Amino acid sequence: MVSMLEIYNETVQDLFIPMDKRPKNGLQIRESKALGIYVDGIIKSAVDSYAAIEKAIDQGTSNRSVGATQMNATSSRAHTVITIEFRQVEDLNGKEAV
């Protein structure tokens, strides 16, 4: 699973959602005893290879907030966080087990 978020102007946004479809106030950071700290509503994309991870990151990168500055035409004032979750999946008698 891979997710990609951006923190820009103190707002957390999911980079797998195009800019025009994102919630105006961003996503909420929450904490629970079971999950720990997490971003509520973040999309986690299933991947099964390096190529799939690379494709997901390219998609998220294309949705980043960028703007021109005097030093750089595509500068970003945001912080990007990429999370990759690895899980081992085994086939047990025709059924997948994690």
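Model, not experiment: these values are computed from the prediction. (Residues numbered from 1 in each chain as written. Predicted model: local features only at pLDDT ≥ 70, side-chain atom pairs only at ≥ 80, totals over all residues. Heavy atoms only, no water.)

**Q** Looking at this structure, how should I read the pattern of salt bridges?
**A** A side chain with one charge may pair with a side chain of the opposite charge, provided their charged atoms come close. Applying the stated rule across the entire model yields four salt bridges. Residue E85 pairs with K44 through a salt bridge whose shortest N-O separation is 2.9 Å. Here the residue E85 occupies a position in the loop between β5 (79–84) and β6 (90–92), and K44 occupies one in the loop between β4 (36–40) and α1 (50–62), the gap between them amounting to 41 residues. Residue K44 is classed as partly exposed on the basis of its relative accessible area of 43%. (Salt bridge = Lys/Arg side-chain N within 4 Å of Asp/Glu carboxyl O. Helix = DSSP H or I, 4+ residues; strand = E, 2+ residues; numbered from the N terminus. Buried < 20%, exposed > 50% of the residue type's maximum accessible area, 1.4 Å probe, protein only.)

**Q** Help me understand the pairing of strand β3 (residues 28–32) in this model?
**A** Regular strands have side chains that alternate between both faces of the sheet. Direction of pairing for β3 relative to β4: antiparallel, over a ladder of five bridges. The partner of S32 across the bridge, within β4, is G36. Taking the residues between adjacent antiparallel strands as the criterion, β3 and β4 are bridged by three residues. (Pairing = 2+ DSSP bridges.)

**Q** What exactly am I supposed to notice about the sheet that holds strand β1 (residues 2–8) here?
**A** Spatially, β2-β1-β5 is the arrangement adopted by the three strands of the open sheet, whose pairing is antiparallel. At either end of the open sheet lies a strand with only one pairing partner, and these are β2 (11–14) and β5. Ignoring which end each strand starts from, the neighbouring axes of this sheet average 25° apart. Summarising the sheet, β1 and β2 pair through four bridges and their orientation is antiparallel. (Axes fitted to C-alpha atoms, helices over the stretch in contact; angles between N-to-C directions.)

**Q** Just checking my understanding: could you explain unusual backbone geometry for this structure?
**A** Keep in mind that most residues, glycine aside, have a negative phi and that most peptide bonds are trans. Here the phi dihedral of N9 falls at roughly 50°; this positive angle occurs in a residue that is not glycine. Here N9 falls in the exposed class, since its relative accessible area comes to 60%. Residue E10 is not a glycine yet carries a positive backbone phi of 60°. Within the secondary structure layout, E10 lies in the loop between β1 and β2. Using a relative accessible area of 81% as the deciding quantity, one classes E10 as exposed.

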